[in-house]
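Here are the chains, one letter per residue:
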There are 2 protein chains.
Amino acid sequence: MKNVTDYNFFEKKMYIYPCKLHVNDCMSREKEVTIYDLARKLNISIATVSRALADDPVVSKKTKKKIADLAQEMGYRSNNFARNLRTQKTNTLGVIIPRINSYFMSSVIAGMENVATSEGYTLIISQSSESVEKEKANATTLFNNRVDGLLVSLAYDTDSLAHFEPFTKKKIPLIFFDRTADHRDSTCVLINNLKAAYEATTHLISQGRRRIVHITATQKRNVYIDRLQGYKQALADQHIRFREDYVIVGNLSQEAGADAAARIRQMSPLPDAVFVANDNCAVGCMIALKQMGIRIPEDIAFVGFNNDPVSTVIEPNLTTINYPGYEMGQVAARNLIAQLGGASGTRSTNTIILRSELVIRESSASRKPTS
Amino acid sequence: MKNVTDYNFFEKKMYIYPCKLHVNDCMSREKEVTIYDLARKLNISIATVSRALADDPVVSKKTKKKIADLAQEMGYRSNNFARNLRTQKTNTLGVIIPRINSYFMSSVIAGMENVATSEGYTLIISQSSESVEKEKANATTLFNNRVDGLLVSLAYDTDSLAHFEPFTKKKIPLIFFDRTADHRDSTCVLINNLKAAYEATTHLISQGRRRIVHITATQKRNVYIDRLQGYKQALADQHIRFREDYVIVGNLSQEAGADAAARIRQMSPLPDAVFVANDNCAVGCMIALKQMGIRIPEDIAFVGFNNDPVSTVIEPNLTTINYPGYEMGQVAARNLIAQLGGASGTRSTNTIILRSELVIRESSASRKPTS
């Protein structure tokens, strides 16, 4: 019998692809096919070909089909560059985001892509990896690529918007989403982070919790400033003293959650609730605390932020703020495209606030009556 | 005291942005700044400006700085379009993926973006939403945008590669990754799916399981064909009969996992293991089975695929195949850029296979000896 650890036979079986005997090292691109070539081949005028390709009703359907078929056969590409030079439009939208590989951000991008495609725009996506230097480089690249508009969610450490000035000077519309900044010429799309955090914290208080830790990120970004503010406001309204040492600032990764758990474990008395500025970090913190034998929600209750799918996988399921990423992407892209089309009033829109809501699950249940 | 459910005060407090009193409806773009403008302003020759902007060592550092500062101040944009018409290069790479909002795919994109940026390329990303019609439309858009190369992961229902012919005809290099297809002129980047599935299934058998269900997706795509093949081969090598009714085909969503759980529950005798072609679907299936009172791994053991972060959140933690998405994105982009640079041999590379490995966790532990 074949030994199950011997996989050599797979290589032989699986990857038999046709052999290529020539090596094509230099890029021998053919000459570009033009409308002149199409006209000559069909023995019709250049004007007719040009009109047909622009779908002018003057040209008959039959002729259009003949031209379209030949264009396809000969590999004709509509001359976007030449057209761009004339119209000054590229039909591309630039996007700068901190990280593409988060559930929330990839949902936003999916929503943008959905609207952009249906409106005939293409997205050019770049990530700043949370670095302002990278964000500046991305802005320059997108500027030189002549995007028609720009959608930005700021990096952790961005503290000036000077790198967006070239866009503003050229009247290229700029929209900030999620991680926004106050800028005289641009629109912000966000949720009411203060209100959401206020609701989350008030919910924990209503469940009998009073020693509530808040895990968040840099206080340079609106979303984290506003969430901390909402947390403080809720404590104040219920006459609970705000404690500086209950605010843990990190990068909101799952690892940061585990680190926060170690700090929480050292606190005496043990906090009885944690409000975290994202679900991923909340999950990391919950797993670490559970491993230390701390019961959730009996000993410590939890509320997260974003409503990532992982919030319904962790046990107990995580109470969180439902934050509509896909819809935010759609709204931001639709607003940008409306500005490009010169839709009345869009350029004077300062802020669009999307609805968010508290989703209550087991992680924040009331303490069972103790014996 | 303020009622905690009255949030009106937030609106007043939070979103005081500067008012804009003029409405800017028409897109009054200024005339584009040219190198002629820069030369006139500095009273130097156009040739010098041109050389300075191309970083020609002939021009002094001092002059370069003067020109660069003025270019920035006046909002000069390097004339990419005109340059593109000359060089026939756009320094953009097109990407077509089924969905951007999956952990695996967004990791791949992050890896591509990392390499592309460092090599001076920009990604144009589009998603097919698992539809061949959308995939065709994306291909046409990217072709007309004159991308220098294309990176593709195929939709569920793609059964012809005709829509990529225009690229091949123009010798625009094309790389398939993850969901690949056999194509005479392109390179595939993937893992050995057959081997990975063989290992996963053999591991379950070695844990004493014999009634192993396989949950997968359409048999049009290589990844699912190969995983089913590996599963079958492992059964055959251990003299376990393959049962058609143990293969459940769906879209691998978390909901599809819950649906599969309902079917598994009806099977008699109850299967004792499930091998799922992705983690997300495995998690959906596990949650549903647990709700029915079925114990994991005691009653049914589980192995997933991808090593998504969710696999360490679900309880018990999920045994899975570690599939390096970020690295796959880097390798695919690096190979494509090497082809564009005419690197020797790259065009004759058919297939690049990345390493993957079985990560054993609690979900596939041996049954405890029963009393």
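Quick caveat, the model's predicted, so the values are computed rather than measured.

Parameters and conventions
Residues numbered from 1 in each chain as written. Chains lettered and ligands numbered in written order. Predicted model: local features only at pLDDT ≥ 70, side-chain atom pairs only at ≥ 80, totals over all residues. Heavy atoms only, no water. Helix = DSSP H or I, 4+ residues; strand = E, 2+ residues; numbered from the N terminus. Buried < 20%, exposed > 50% of the residue type's maximum accessible area, 1.4 Å probe, protein only. Contact = heavy atoms within 4.5 Å. Pairing = 2+ DSSP bridges. Axes fitted to C-alpha atoms, helices over the stretch in contact; angles between N-to-C directions. Expected span 1.5 Å × (residues − 1). Phe/Tyr/Trp six-rings, centres within 6.5 Å; stacked < 30°, edge-to-face > 60°. Lys NZ or Arg CZ within 6 Å of the ring centre and 35° of its normal. Salt bridge = Lys/Arg side-chain N within 4 Å of Asp/Glu carboxyl O. Polar contact = N/O pair within 3.5 Å; in protein donor to acceptor, adjacent residues only side chain to side chain. Parallel < 35°, antiparallel > 145°, perpendicular 65-115°, else oblique. Left-handed = near helix turned anticlockwise from the far one by under 90°. Nonpolar A, V, L, I, M, F, W, Y, C, P; charged D, E, K, R; others polar. pLDDT = per-residue confidence, 0-100. Core = buried A, V, L, I, M, F, W, Y, C linked by side-chain atoms within 4.5 Å. Disulfide = S-S within 2.5 Å.

## Regarding the overall build of chain A
Across its full length, chain A holds 13 helices and 12 strands. The proportion of buried residues among the 371 residues of chain A is 56%. Considering only intrachain contacts with a sequence separation of at least 6, the fraction spanning at least 24 residues in chain A is 73%.

## Section: the sheet that holds strand β8 (residues 273-276) of chain B
Residue and element names in this part refer to chain B. Pairing in this open sheet of four strands is parallel, and the strands run β7-β6-β8-β9 from one edge to the other. At either margin of the open sheet sits one strand with a lone partner, and together these are β7 (247-249) and β9 (301-303). On average, each strand axis in the sheet is inclined to that of its neighbour by 20°, with strand direction left out of account. Sheet topology places β8 next to β9; three bridges connect them, and they run parallel. Along β9, the bridge assignment pairs F275 with V303. Sitting on the sheet, helix α9 (residues 193-206) touches β6 (212-216), β8 and β9, and the angle it makes with β8 is about 170°.

## Things to note about the side chain of Q254(A)
The residue Q254(A) is located in helix α11 (residues 254-266) in this model. With residues up to four places along the chain from it excluded, the contact list for Q254(A) reads N280(A), C281(A), V283(A), G284(A), I287(A), P309(B), T312(B) and V313(B).

## Section: helix α6 (residues 103-118) of chain B
Because each turn of an α-helix spans 3.6 residues, side chains separated by three or four positions end up pointing in the same direction. All names here are of chain B. The first and last C-alpha atoms of α6 sit 23 Å apart over 16 residues, in line with the 22 Å expected at 1.5 Å per residue. Extensive coverage of α6 is indicated by the burial of 12 of its 16 residues. Restricting attention to buried positions, one finds in α6 the residues F104, M105, S106, S107, V108, I109, A110, G111, M112, E113, V115 and A116. G120 occupies a position one or two residues after α6 and carries a positive phi of about 80°.

## Describing the packing of aromatic side chains
Taken as a whole and assessed by the stated rule, the structure comprises 14 aromatic pairs over all chains. A connected cluster of aromatic rings, assembled from ring pairs, spans F104(A), F275(A), F305(A) and Y323(A). Across from the ring centre of F242(B), 4.6 Å away, lies the NZ or CZ of K232(B), which sits over that ring.

## Some details on the pattern of salt bridges
Summed over all chains, the structure comprises 24 salt bridges over all chains. A salt bridge links D299(B) to R295(B), with the shortest nitrogen-to-oxygen separation between them at 2.9 Å. For R295(B), a relative accessible area of 48% gives the class partly exposed. When salt bridges that share partners are traced, they join R99(A), E130(A) and R179(A) into one network.

## A closer look at the environment of R227(A)
Residues and elements named next belong to chain A. Tracing the chain through its elements places R227 in helix α10 (residues 222-237). R227 gets classed as buried once you look at its relative accessible area, which sits at 3%. Each C-alpha atom of the pair R227 and A200 lies 9.7 Å from the other, and the pair is 27 residues apart in sequence. Setting aside anything within four residues of it in sequence, one finds R227 in contact with D178, N193, A197, H214, F275, A277, F305 and Y323. Reaching out from R227, the side chain makes a polar contact with the backbone oxygen of A277 at a distance of 2.9 Å.

## A closer look at the sheet that holds strand β9 (residues 301-303) of chain A
Two pairing modes exist for strands in a sheet, parallel and antiparallel, and in both the strands are linked by backbone hydrogen bonds. Residues and elements named next belong to chain A. The strand order across the open sheet formed by four strands is β7-β6-β8-β9, and the pairing between neighbours is parallel. Looking along the sheet, the strands with just one partner apiece sit at the ends: β7 (247-249) and β9. Neighbouring strand axes in the sheet, compared pairwise and without regard to direction, differ in orientation by 20° on average. Judged from the three bridges that link them, strand β6 (residues 212-216) and β7 form a sheet pairing that is parallel. Bridge pairing in β7 links T216 to V249. Where α11 meets the sheet, it contacts β6, β7 and β8 (273-276), and its direction lies at approximately 150° from that of β7.

## Considerations on unusual backbone geometry
P316(A) follows E315(A) through a cis peptide bond whose omega is -5°. As for its placement among the helices and strands, P316(A) is situated in the loop between β9 and β10 (320-322). Backbone torsion omega between I296(B) and P297(B) reads 5°, so that peptide bond is classified as cis. Relative to the helices and strands, P297(B) is located in the loop between α12 (279-291) and β9. Residues other than glycine seldom take positive phi values, yet K171(A) does so here, at roughly 60°. Take K171(A): it is sitting in the loop between α8 (165-169) and β4 (174-177). Residue K171(A) is classed as partly exposed on the basis of its relative accessible area, which comes to 27%. We note that N306(B) has phi near 120°; this positive angle belongs to a residue other than glycine. As for its placement among the helices and strands, N306(B) is situated in the loop between β9 and β10 (320-322). By relative accessible area, which is 13% here, N306(B) ends up buried.

## Considerations on the packing of helix α9 (residues 193-206) of chain A against α10(A)
What describes two packed helices is the angle between their axes and the distance between those same axes. Residues and elements named next belong to chain A. For the pair α9 and α10, interaxial distance at closest approach is 7 Å and the crossing angle is 40°. The angle between the axes of α9 and α10 places the two elements in the oblique class. When the axes of α9 and α10 are compared, the crossing they make is right-handed. Here N193, L194, A197, Y198, T201, T202 and I205 of α9 lie close against α10, whose contacting residues are V223, D226, R227, Q229, G230, Y231, Q233, A234, L235 and D237. Looking at side-chain class alone, the contact of α9 with α10 contains eight nonpolar, six polar and three charged residues.

## Considerations on the confidence of the model for chain A
Close inspection of predicted coordinates is inappropriate for parts of the model with low pLDDT. Scored by pLDDT, chain A has a mean of 86; 88% of the residues are at 70 or more. Segment residues 1-29 of chain A is flagged for pLDDT under 50; beyond a separation of four residues in sequence, or across chains, it makes 55 contacts in the model.

## Here we look at the pairing of strand β3 (residues 149-152) of chain A
Working note: regular strand, side chains alternate between the two faces of the sheet. Residues and elements named next belong to chain A. Neither face of β3 is open: one carries G149 and L151, the other L150 and V152, and all of them are buried. Across four bridges, the pairing between strand β1 (residues 92-97) and β3 is parallel. In the sheet register, I96 faces β3, and the bridge partner there is V152.

## Observations regarding the nonpolar core
Residues I215(A), F302(A), I215(B) and F302(B) are the most contacted members of the largest nonpolar core, which totals 154 residues. When neighbours within four sequence positions are excluded, I215(B) is seen to be in contact with I248(B), L252(B), A260(B), I264(B), V274(B), F275(B), V276(B), A277(B), C281(B) and C285(B). Counting residues in each nonpolar core, the second largest holds 36 residues, with A139(A), V147(A), F176(A) and I172(B) among its members.

## Some points on the state of the cysteines
All names here are of chain B. If you walk through the whole model with that rule in mind, you get zero disulfides over all chains. C285 supplies the cysteine sulfur nearest to C281, a cysteine that is in no disulfide, at a spacing of 6.6 Å. The buried category is assigned to C281, whose relative accessible area is 0%.

## Some remarks on the environment of L70(A)
All names here are of chain A. Along the polypeptide, L70 turns up in helix α4 (residues 61-74). Residue L70 is classed as buried on the basis of its relative accessible area of 8%. Contacts of L70, omitting those with residues within four sequence positions, involve L38, K41 and L42.

## Focus: the pairing of β4(A)
Residues and elements named next belong to chain A. Burial along β4 is two-sided: L174 and F176 facing one way and I175 and F177 facing the other are all buried. Bridge count for β3 against β4 is three bridges, and the pairing is parallel. Counted as the bridge partner of L150 is L174 from β4. Taken together, the three bridges between β4 and strand β5 (residues 187-191) define a ladder with parallel strand orientation. Residue pairing for β5: F176 is matched across the bridge by C188.

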